[in-house]
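# Geometric and topological summary
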Amino acid sequence: MSSISYSESSDSEVLVRVEGVSKKFCRSLKKSLWYGVTDVASALNPFGNQRSETRDPRPEGGDEMRLPPLRADEFWAVQNVSFELKRGECLGLIGHNGAGKSTLLKVLNGLIPPDTGRITMKGRVCALIELNAGFNPILSGRENIFNQAALLGFSKEETLAKFDAIVDFSEIGDFIEMPVQNYSSGMRVRLGFAIAAQMEPDVLIIDEVLAVGDVAFRFKCLNAIGELMKSAAVIFVTHTMPQVFRICSEVMVLDHGKVTFQGRNLADGVGIYLSLFKGTEENISGTGEVQVIGLLLDGDDSKAFMGETLRINHGSSLTLEAALQFVPGLGSVRLQFLLWNAEMLPVLDIMGQDLCGYSFDVPPSGQLEIRATIPHLDLNSGKYSLSVIAASTDLTRTLCRHDNAAYIQIDAASDSGAHVLSVARWAVVQNTPS
Amino acid sequence: MLSTATPNHRLPPSDLPVRVIVPHSGLDGFRYALRSLFTGFPQARELAWRFFLRDTRASHRQSLLGYFWLVFPPLVNTLVWVMLNKSDVIRIDTGAVPYPLFVLAGTVLWTAFNGAIMASMGVVGEARGVLAKVNFPHESLVYTAFLKSLVDAVIPAVLLLPALWIYHVPLQAAALLFPVSLIAALLLGLALGLILVPIASLYADVGRAVQLALRFGFFVTPVIFPLPAAGLARSFMCLNPLTPILVSGRTWLAGSGEAMPMTFVAVLAGSVLLAAAGLLFFKVAMPHLIERLSS
């Protein structure tokens, strides 16, 4: 196959092309160091084997990629990743911890060489991987701006021209003359981001740098990234799903180095990522004066009991029946049900008329069944866990908190990323002639 | 260096610089490294200067005495050997050259060599933090190490001027060749350090072994004593590439003694070639080293 040509109009805007990239690592440090020696030795051998990869590094044939054999204690950190990005597109890279996302970013950034495959990038590449990597703590913020900018590829004139914009964006003010070792971690990240954001990159690689910083800063950064994105192709690693829905145009899910999903359907991709995580076990806390001895979940077409998963569609009705046992001497109790989504956000609180738990008196028998019905459950697709919470009437004591008592799996035929989908009544309002 | 006249996204697509990353091997890898050493030189040079300024400023900000610490050790070293010689604990005959000047010149050259080899061997260890996180031309680290060892060598060398005056040694034209021998010592140290960098950054033993070898080497190199006129010791010491540098440099400075010019030129040329080869090998090996380093 001939080398890639960029003359076709559809190809003319492709800024990133990744073909069959794989990277292996070694588990044992001692072996890793030794492999380092042998790799360097074979790299330094000018008459080393001209592997076919140098001429056509893409793996041959179909879906099953023929990878080179692994040496002892080695494993594939990233296997056979391929994608293309045009200007203005953003690829969200998600996966569990250790899936190979940061490794892939390092390979894309040119820091470590891939073992197979080919990466083609056009234009200026900027990586926001660690923002204060080149900072020298003893020097002032001003001096570090010049050093960091030089490290990122700016010339001194460019840095001088952008200096004021950098200081303004970072909101560091007069502290810019202070040694960086006295900055808080938030200030350091702000400064690092301000410098990198002034570049006008064609390809932008971002690795979870927005985890630090307060809400205002994260908001500012997301906006800045949104601006940069208009004129660049972006590869974005994150663990925060709302960010994926906010700025990505396509998503890739990595699971132990392999690509398990790749495409423009963000909701599907995020769903696959979330389904990788096993729910936590049942957890019972509280004073113990109330116990949940049975649970029934009833949807339109299906039922489930305690510990099981109820499968229903969006908009289905939901009836929850809890069988409770009480300790003698309790007067009245408030009961509520809470639904948590896969990201441990409490999305639905099922309560009584006064927007607190449903209040009732404890019968002398010490046992009771309570039923709550919701005519229309509008939550979006996903797996939700149910908590049963019983509290004293004045809400000062939690008598029972039973987490992960049961699960509800909702299917909604929608690509939306919102937590709740509402079907509204729509009507066209006539325009009154002026 | 990328064009900075217009922001890249306003350049027509065919004008954008293209970077292709492919696992290189063999001659391909060397050609690629050589090309990027040349095309990347302006940026690498500017970055090296920035690193040098940054590190020098930082180390001086935390120090009261600053460059005193560069001048003091060779001075004290010289004094110790002079005292030992004067009090007949050792008896070294340096002919027409006054012993203190002899020792100072030798120590300055040896310090230059020692500093260069340790600085170049340590480039990867020092920049460990930034290597695994930012993509920048790595040869700038080597250029910075050379600049630093140059400054660290020149400062004590300045002491030689008052020393020449104190011992009434006339300054001749040949003395202008002393700086050449200083550069030669630096280049030799740089070259040897670069050859060792890959293995030194993986295994700590190499650094230790080199330090030990240098300590021992100080005593089998004619730093504080002249090259013996004949015998097994002379043949052994002539195998040492540092010997012609020391001998020639001192002779040119002091105006008397044997010169070994041909051997000196051979060693200088060899150092230049070895340093260039070392730089190329460094460039080829770096990506493989970065993935093995802890960051």
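Predicted model only: the values in this text are computed from it and were never measured.

## Focus on the overall build of chain B
Counting its regular elements, chain B contains 13 helices and one strand. Counting from the amino terminus, chain B carries its helices and strands in the arrangement β-α-α-α-α-α-α-α-α-α-α-α-α-α. Dimensions of chain B, computed from the C-alpha atoms along their principal axes, are close to 75 × 45 × 40 Å. A buried classification covers 41% of the 295 residues belonging to chain B. A sequence separation of at least 24 residues applies to 79% of the contacts in chain B between residues at least 6 apart.

## Here we look at the overall build of chain A
Scanning chain A for helices and strands turns up nine helices and 20 strands. Here the C-alpha atoms of chain A give a radius of gyration of 28 Å, more than 25% beyond the 22 Å that 2.2 N^0.38 yields for 434 residues. Its C-alpha atoms put chain A at 90 × 65 × 55 Å along the principal axes. The buried share of chain A, reckoned over its 434 residues, is 38%. Taking all contacts inside chain A whose residues are at least 6 apart in sequence as the whole, residues at least 24 apart take part in 74%.

## Considering the sheet that holds strand S2 (residues 74-86) of chain A
On the basis of which strands lie adjacent, the open sheet formed by four strands has the order S2(A)-S1(A)-S4(A)-S1(B) and antiparallel pairing. The outermost strands of the open sheet, each flanked by one partner alone, are S2 of chain A together with strand S1 (18-21) of chain B. Shown here is a sheet whose adjacent strand axes are inclined to one another by a mean of 15°, direction ignored. As judged from the five bridges shared by strand S1 (residues 14-26) of chain A and strand S4 (residues 116-122) of chain A, these two strands associate in the antiparallel manner. Counted as the bridge partner of Ser22(A) is Thr116(A) from S4(A). Those strands touched by helix H3 (residues 101-108) of chain A are S1, S2 and S4 of chain A, and its axis lies near 60° from that of S2(A).

## Observations regarding the packing of helix H4 (residues 141-152) of chain A against helix H6 (residues 185-197) of chain A
Residue and element names in this part refer to chain A. One way to put it is that H4 packs onto H6 with a least axis distance of 10 Å and a crossing angle of 45°. When the axes of H4 and H6 are compared, the pair comes out oblique. Two packed elements cross with a definite hand, and for H4 against H6 that hand is right-handed. Packed against H4, whose contacting residues are Gly141, Ile145, Gln148, Ala149 and Leu152, the element H6 presents Leu191, Gly192, Ile195 and Ala196 at the interface.

## Some details on the sheet that holds strand S5 (residues 125-128) of chain A
All names here are of chain A. Read from one edge of the open sheet, six strands run S5-S6-S7-S3-S8-S9, paired in mixed fashion. Only two strands of the sheet have a single partner each, and these edge strands are S5 and strand S9 (258-263). On average, each strand axis in the sheet is inclined to that of its neighbour by 15°, with strand direction left out of account. The pairing of strand S8 (residues 250-255) with S9 spans five bridges and is antiparallel. Note on S9: the bridge partner recorded for Met252 is Gln262. H3 contacts strand S3 (90-95), strand S6 (203-207), strand S7 (233-237) and S8 of the sheet and is inclined by roughly 150° relative to S7.

## What about the domain arrangement of chain A?
Residues and elements named next belong to chain A. Assigned domains within chain A: domain 1 (10-124 + 200-277) and domain 2 (283-411). Using only C-alpha atoms to locate each centre, domain 1 and domain 2 end up separated by 43 Å. The interface is formed by four residues belonging to domain 1 together with four residues belonging to domain 2. Classifying every residue of the side of domain 1 that touches domain 2 by side-chain character gives three nonpolar, one polar and no charged.

## Quick look at the environment of Ile312(A)
Residues and elements named next belong to chain A. For Ile312, the position within the fold is in strand S13 (residues 309-313). Using a count of 21 C-beta atoms within 10 Å as the deciding quantity, one classes Ile312 as buried. Sequence separation between Ile312 and Asp301 is 11 residues; the distance between their C-alpha atoms is 7.3 Å. The contact partners of Ile312, leaving out residues within four places of it in the chain, are Gly299, Asp300, Ser302, Leu318, Leu377, Ile408 and Ile410.

## Some points on the packing of helix H12 (residues 242-254) of chain B against helix H13 (residues 261-290) of chain B
All names here are of chain B. Closest axis-to-axis distance for the H12/H13 pair is 9 Å, and the angle between their directions is 125°. One way to sum up the angle between H12 and H13 is to call them oblique. For the element pair H12 and H13, the recorded crossing hand is left-handed. Between H12 and H13, the contacting residues are Pro244, Ile245 and Ser248 on the first element and Pro261, Thr263, Phe264 and Val267 on the second. Looking at the contact of H12 with H13, its residues break down into five nonpolar, two polar and no charged.

## Brief notes about unusual backbone geometry
All names here are of chain B. A positive phi angle is found at Asp88, which is not glycine, with a value near 60°. One non-glycine residue with positive phi stands out, namely His168, at about 55°. Among the secondary structure elements, His168 is positioned in the loop between helix H8 (160-166) and helix H9 (178-202). The exposure class assigned to His168 is exposed, which follows from the 7 C-beta atoms found within 10 Å.

## So, H4(A)
For H4(A), which comprises 12 residues, the first-to-last C-alpha distance of 16 Å matches the rise-based estimate of 16 Å (1.5 Å per residue) to within 8%. The element H4(A) is extensively covered by neighbouring structure, given that 10 of its 12 residues are classed as buried. Listed as buried for H4(A) are Gly141(A), Glu143(A), Asn144(A), Ile145(A), Asn147(A), Gln148(A), Ala149(A), Ala150(A), Leu151(A) and Leu152(A). Looking at the buried side of H4(A), the elements it contacts are S5, helix H5 (156-170) and H6 of chain A together with helix H2 (41-61) of chain B. Two residues or fewer after H4(A) comes Gly153(A), characterised by a positive phi angle close to 110°.

## Quick look at the confidence of the model for chain B
Residue and element names in this part refer to chain B. Here chain B shows a mean pLDDT of 86. Residues at 70 or above account for 95%. Contacts for the low-pLDDT stretch residues 1-6, under 50 throughout, to residues beyond four places or in other chains number eight contacts. Here the prediction assigns the complex a pTM of 0.80, and the interface score ipTM is 0.77.

## So, the interface of chain A and chain B
With 54 residues of chain A in contact, the opposing surface of chain B contributes 51 residues. Contributing elements (two or more residues each) for the side of chain A that touches chain B: helix H1 (29-43), helix H2 (52-55), S4, S5 and H4 of chain A. Broken down by element, the residue count for the side of chain A that touches chain B peaks at seven residues, all from H1(A). Classifying every residue of the side of chain A that touches chain B gives 23 nonpolar, 18 polar and 13 charged.

Thresholds applied
- Residues numbered from 1 in each chain as written.
- Chains lettered and ligands numbered in written order.
- Predicted model: local features only at pLDDT ≥ 70, side-chain atom pairs only at ≥ 80, totals over all residues.
- Helix = DSSP H or I, 4+ residues; strand = E, 2+ residues; numbered from the N terminus.
- Buried ≥ 20, exposed ≤ 12 C-beta atoms within 10 Å, placed from the backbone.
- Contact = placed C-beta atoms within 7 Å.
- Rg over C-alpha atoms; globule rule 2.2 N^0.38 Å.
- Pairing = 2+ DSSP bridges.
- Axes fitted to C-alpha atoms, helices over the stretch in contact; angles between N-to-C directions.
- Parallel < 35°, antiparallel > 145°, perpendicular 65-115°, else oblique.
- Left-handed = near helix turned anticlockwise from the far one by under 90°.
- Domains from an automatic or database assignment.
- Nonpolar A, V, L, I, M, F, W, Y, C, P; charged D, E, K, R; others polar.
- Expected span 1.5 Å × (residues − 1).
- pLDDT = per-residue confidence, 0-100.

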